[in-house]
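# Descriptive analysis of the structure
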Amino acid sequence: MHGWVGHNVYGAELERVLLDSAAIDRRVRELGDSISRDYAGRELLAVGILKGALIFLADLVRRLTVPVAIDFVAVGSYGAGTESSGAVRILKDLEQDIAGRHVLLVEDIVDTGLTLNYLLEIFRARAPASLRVCVLLDKPERRRVPVPIDYCGFVIPDEFVVGYGLDYNERYRHLADIVVLRREVYRGSSV
Ligand code: PRP
Ligand code: 7HP
């Protein structure tokens, strides 16, 4: 496990570990258990929202005890910084037809809610048998549109976090822990 062993192993841009890999692992197991119970007897289509959800999805599906297919969608909402422009669009659509399927949208973080709100609207129109949302991190203070969350890993404060799939300018996705980015790093960023 990466740790905060008396010095900043991550470099000057990072402030502190918010959730270490052991805590994440425990919570992902619990989420997997809940989802497996709820979907018993059904087959699931887990849809990961690229790229942030990649690592969470990979860990989560390995905790499921129901049959599961995997697909991905990519959307654009953020530029090269920490603030949403408000505009969301699909960059890569699903490869599978979701009509009549039990779809679970898997997301790393809900911030303003714009990304999930947009995808839920689009996917609802495709007539899935059911459509639920599983997010690892929820940052409710930042919400601009309400989003129904069926499975939530952690509620976190309004701080910019990286690691476990989450990035800042495409960096830090590979960290095993979820770590707070120093405000000085993105303060003054135009996006
Ligand atoms: C991030 C994150 C979520 C979205 C959440 O994605 O992974 O998808 O923003 O923000 P919202 O609730 O305000 O819409 P980003 O667009 O940075 O792409 P990435 O997943 O490729 O990092
Ligand atoms: C998007 C996003 N990406 C990485 N870290 C955060 O805290 C974020 N909020 N919204």
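Residue numbers here run from 1 along each chain, matching the order of that chain's written sequence. Chain A is the first chain written and ligand 1 is the first ligand written, with later ones labelled in order. Residues qualify for local features only when their pLDDT is at least 70, as the model is predicted, and side-chain atom pairs are given and counted only at 80 or more; totals for whole chains, interfaces and linings, by contrast, use all residues. Computation of side-chain values covers all heavy atoms of the structure but excludes hydrogens and water.

Take the pattern of salt bridges next. We define a salt bridge as a contact between a side-chain nitrogen of Lys or Arg and a carboxyl oxygen of Asp or Glu at a distance within 4 Å. Counted according to the given criterion, the structure contains 16 salt bridges. Taking the shortest distance from any N to any O, the salt bridge between Arg16 and Glu15 comes out at 3.0 Å. For each residue, the accessible area found with a 1.4 Å probe, counting protein chains only, is set against the maximum for its type, and the residue is called buried under 20%, exposed over 50%, and partly exposed in between. Taking the relative accessible area as the measure of exposure, Arg16 reaches 30% and is therefore partly exposed. With a shortest N-O distance of 2.7 Å, Arg27 and Glu30 are connected by a salt bridge. Here Arg27 and its partner Glu30 are both found in helix 1 (residues 21-38), 3 residues apart, which amounts to about one turn of the helix. A run of H or I in DSSP counts as a helix once it spans at least four residues, and a run of E counts as a strand once it spans at least two, with each numbered from the N terminus.

This part is about the environment of Glu141. Position of Glu141 among the secondary structure elements: in the loop between strand 6 (130-138) and strand 7 (151-155). For Glu141, a relative accessible area of 62% corresponds to the exposed category. It is 9.9 Å that separates the C-alpha atoms of Glu141 and Glu159, two residues lying 18 residues apart in sequence. Contacts: residue pairs with any heavy atoms within 4.5 Å of one another. If sequence neighbours within four positions are ignored, Glu141 has contacts with Pro157 and Asp158.

In this section: the side chain of Asp111. Within the fold, Asp111 resides in the loop between strand 5 (102-110) and helix 3 (114-124). Since its relative accessible area comes to 10%, Asp111 is described here as buried.

At least two bridges found by DSSP between two strands is the condition for calling them paired. Both strand 1 (residues 14-19) and strand 9 (residues 178-181) contribute to a ladder of 4 bridges, which runs antiparallel. Bridge assignment links Leu14 to a residue of strand 9, and that residue is Leu181. As judged from the 2 bridges shared by strand 8 (residues 161-162) and strand 9, these two strands associate in the antiparallel manner. Bridging across to strand 9, Val161 finds its partner in Val180.

In summary, the pairing rule links any two rings of Phe, Tyr or Trp, Trp by its six-membered ring, whose centres are within 6.5 Å, and it sorts them by plane angle into stacked for under 30 degrees, edge-to-face for over 60 and tilted for everything else. Using the criterion set out here, one finds 2 aromatic pairs in the structure. Ring geometry for Phe160 versus Tyr168: centroids 6.0 Å apart, planes at 75 degrees, classification edge-to-face. The class of Tyr168 is buried, set by a relative accessible area of 8%. Seen in terms of ring centroids, Phe160 and Tyr186 are 5.6 Å apart; in terms of plane orientation they differ by 50 degrees. Their pairing is tilted. With Phe160 in the loop between strand 7 and strand 8 and Tyr186 in helix 4 (residues 183-186), the pair connects residues that are 26 residues apart, well separated along the chain. Here the aromatic cluster, defined as three or more aromatic residues joined through ring pairs, consists of Phe160, Tyr168 and Tyr186.

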